[in-house]
Amino acid sequence: MAFRSKRPEHGGPPELFYDKNEARKYVQNSRMIDVQTKMAGRALELLCLPEGQPCYLLDIGCGSGLSGDYLSDEGHYWVGIDISPAMLDAALDRDTEGDLLLGDMGQGIPFRPGSFDGCISISAVQWLCNANKKSDIPAKRLYCFFSSLYSVLVRGARAVLQLYPENSEQLELITTQATKAGFTGGVVVDFPNSAKAKKFYLCLFSGPSTFLPKALNESNDEEETKESEFTSERVPYRMARRGLVRKSRQWVLEKKARRRRQGREVRPDTLYTGRRRKPRF
Amino acid sequence: MKLLTHNLLSSHVRGVGSRGFPLRLQATEVRINPVEFNPDFVARMIPKVEWAALLEAADTLHLVEVPKGPIEGYEHDEKFLRQMHHVLLEVDVLEGTLQCPESGRLFPISRGIPNMLLSDEETET
């Protein structure tokens, strides 16, 4: 989140990245808190726990306890594991209700089989994909994590892991190891058309496979049907484009409208849109 | 660290498996935290509790009024559930150690947080 081009995982191990300064952001920065809380809410929603029942949950990469507090507010009890002492210190200062453990998820989850009714993780699992020591093999650590997670979950329980995969190969590596460990499920992608709002949730089931929850999309609010509408409305668009002079203001506005229809992120139209610029451009 | 967590924790040192439970508890600082009583939750956790381990831990911490086992119809026995609630959720170990029964490895507890980080040699292959 701090670097636009450089991912935090490339700079070193998580216990060093999440130092006191980073921990402070998770406690003070309102935007950070807002994003993390929203993701925790969505993960809990995807967990589909039985209504009105307090459950015992595991929070992987609990950090300063933001997601854990959300779980507590919903009436659940939880245990959090994190590798960064600075983040756990911040969690202690915030007086979280769940128990905290200092541990490395890639070394396995140190609990008895069938301990937890469910598991969530917010923005943590992608850290397993980068080897920080020469002895680390990401695939092995991922398998160790997933197989121990499978064991500590009650039969039929779910795990919802929100993560930031670097690319599709990384996502595939993660899902392969999860499948090897015995999980079924899939990836739910919220707001796939938006670069900023796009979020990946790896939903894993430890029992027989069930349906994957529906992803969120901007168009959900307008209640659009999935089928395309066959009308003659398309023809006027093409006619409108033909009449326009290339690079004129009208052409620029029309192109921006077209891209908005495609669902892309487009800057709003202002009085500077398509204005005449000096010949230097 | 609550006693409920201690009752579920198991050592993940390489080669130990199920013999890594229960972790032997030594506590130098304990605190009693009042926690809101939720009978539903306590009743649901009773089947998961390993009683021998719980009684051993309660003994080490010199707790009184600890039920010796689940009683008939515990889901509706409020006195039993309140006693279990106190033992499992209100007793907080702040400083101490946990010892793996098989390998002897010590996991220190500091400010209520057990340090479960393993070295490279101890990590499961």
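Residues numbered from 1 in each chain as written. Chains lettered and ligands numbered in written order. Predicted model: local features only at pLDDT ≥ 70, side-chain atom pairs only at ≥ 80, totals over all residues. Heavy atoms only, no water.

Draft legend 1. Region of interest: the overall build of chain A. When helices and strands are tallied, chain A shows 9 helices and 7 strands. Taking all 281 residues of chain A together, 47% fall into the buried category. In chain A, the proportion of contacts linking residues at least 24 apart, taken out of those at least 6 apart, comes to 63%. Taken as a whole, chain A presents about 15,900 Å² of accessible surface, with 51% of it coming from carbon and sulfur. (Helix = DSSP H or I, 4+ residues; strand = E, 2+ residues; numbered from the N terminus. Buried < 20%, exposed > 50% of the residue type's maximum accessible area, 1.4 Å probe, protein only. Contact = heavy atoms within 4.5 Å. Areas by Shrake-Rupley, 256 points an atom, 1.4 Å probe, with all protein chains shown as cover.)

Draft legend 2. Local environment of the overall build of chain B. For chain B, the count of helices and strands is 4 helices and 4 strands. When the helices and strands of chain B are placed in sequence order, the string is α-β-α-α-α-β-β-β. Compactness check: chain B gives a C-alpha radius of gyration of 15 Å against a globular reference of 14 Å for 125 residues, within 12% of the reference. Considered along the principal axes of its C-alpha atoms, chain B spans approximately 50 × 25 × 20 Å. For chain B, long-range pairs separated by at least 24 residues make up 68% of all intrachain contacts whose partners lie at least 6 apart in sequence. By element, 49% of the accessible surface of chain B is carried by carbon and sulfur atoms, the whole surface being about 6,200 Å². Measuring between centres, the 12 positive side-chain charges of chain B sit 2 Å from its 19 negative side-chain charges. (Rg over C-alpha atoms; globule rule 2.2 N^0.38 Å. Lys, Arg positive; Asp, Glu negative; His and termini not counted. Charge placed at Lys NZ, Arg CZ, Asp CG, Glu CD.)

Draft legend 3. Examining the confidence of the model for chain A more closely. In this model, chain A carries a mean pLDDT of 85, and residues with pLDDT of at least 70 account for 88%. Confidence drops under a pLDDT of 50 for residues 220–236 of chain A, and excluding neighbours within four residues, the segment shows 6 contacts in the predicted structure. (pLDDT = per-residue confidence, 0-100.)

Draft legend 4. Up close: empty space enclosed by the protein. In the structure shown here, the tally under the stated rule is 1 cavity of 30 Å³ or more. The calculated volume of the largest cavity comes to roughly 40 Å³. Together, A:Ile81, A:Gly103, A:Asp104, A:Met105, A:Gln107, A:Gly108, A:Pro110, B:His12 and B:Met116 line the largest cavity. In terms of residue class, the lining of the largest cavity is made up of 4 nonpolar, 4 polar and 1 charged. (1 Å grid on protein atoms, 1.4 Å probe; cavity = no way out; pocket = protein on both sides within 12 Å on 5 of 7 lines; lining within 4 Å. Points joined across faces, edges and corners; volume = space filled by probe spheres on them. Nonpolar A, V, L, I, M, F, W, Y, C, P; charged D, E, K, R; others polar.)

Draft legend 5. The pattern of salt bridges, seen in detail. Residues and elements named next belong to chain A. This model, assessed by the stated rule, comprises 18 salt bridges over all chains. Asp 269 is the partner of Lys 256 in a salt bridge, and the nearest nitrogen-oxygen pair spans 2.9 Å. With Lys 256 in helix α9 (residues 249–261) and Asp 269 in the segment after α9, this residue pair connects regions lying 13 residues apart in the sequence. For Asp 269, a relative accessible area of 38% corresponds to the partly exposed category. Within this structure, Arg 42, Glu 45 and Asp 190 form a network of salt bridges that share partners. (Salt bridge = Lys/Arg side-chain N within 4 Å of Asp/Glu carboxyl O.)

Draft legend 6. Representation of the sheet that holds strand β3 (residues 106–110) of chain B. Residue and element names in this part refer to chain B. Pairing in this open sheet of 4 strands is antiparallel, and the strands run β1-β2-β3-β4 from one edge to the other. Because the sheet does not close on itself, it has two edges, and the strands there are β1 (24–32) and β4 (113–114). In this sheet, β3 lies alongside strand β2 (residues 91–99) in antiparallel orientation, the contact comprising 4 bridges. Across the sheet, Gln 99 pairs through a bridge with Leu 106, a residue of β3. (Pairing = 2+ DSSP bridges.)

Draft legend 7. Spatial organisation of the pairing of strand β5 (residues 153–163) of chain A. Residues and elements named next belong to chain A. β5 sits mainly inside the fold: 8 of its 11 residues count as buried. Here strand β4 (residues 116–122) pairs with β5 via 6 bridges, running parallel. When the bridges of β5 are listed, Gly 118 appears paired with Arg 158. The sheet contact formed by β5 and strand β7 (residues 199–205) spans 6 bridges and is antiparallel.

Draft legend 8. Spatial organisation of the environment of B:Leu98. Residue and element names in this part refer to chain B. For Leu 98, the position within the fold is in strand β2. Of the residues examined, Leu 98 reaches a relative accessible area of 0% and is grouped as buried. Separated by 11 residues in sequence, Leu 98 and Ile 109 place their C-alpha atoms 7.3 Å apart. Discounting chain neighbours no more than four positions away, the residues touching Leu 98 are Met 1, His 6, Leu 9, Leu 23, Arg 24, Leu 25, Arg 105, Leu 106, Phe 107, Ile 109 and Pro 114.

Draft legend 9. View of a positive patch on the surface. Residue and element names in this part refer to chain A. On the surface, a cluster of positive charge is contributed by Arg 246, Lys 247, Lys 255, Arg 259 and Arg 264. Within the secondary structure, Arg 264 sits in the segment after α9. The exposure class of Arg 264 is partly exposed, given its relative accessible area of 44%. (Patch = residues over 30% accessible without salt bridge, like charges linked within 9 Å, V, L, I, M, F, W, Y side chains within 5 Å.)

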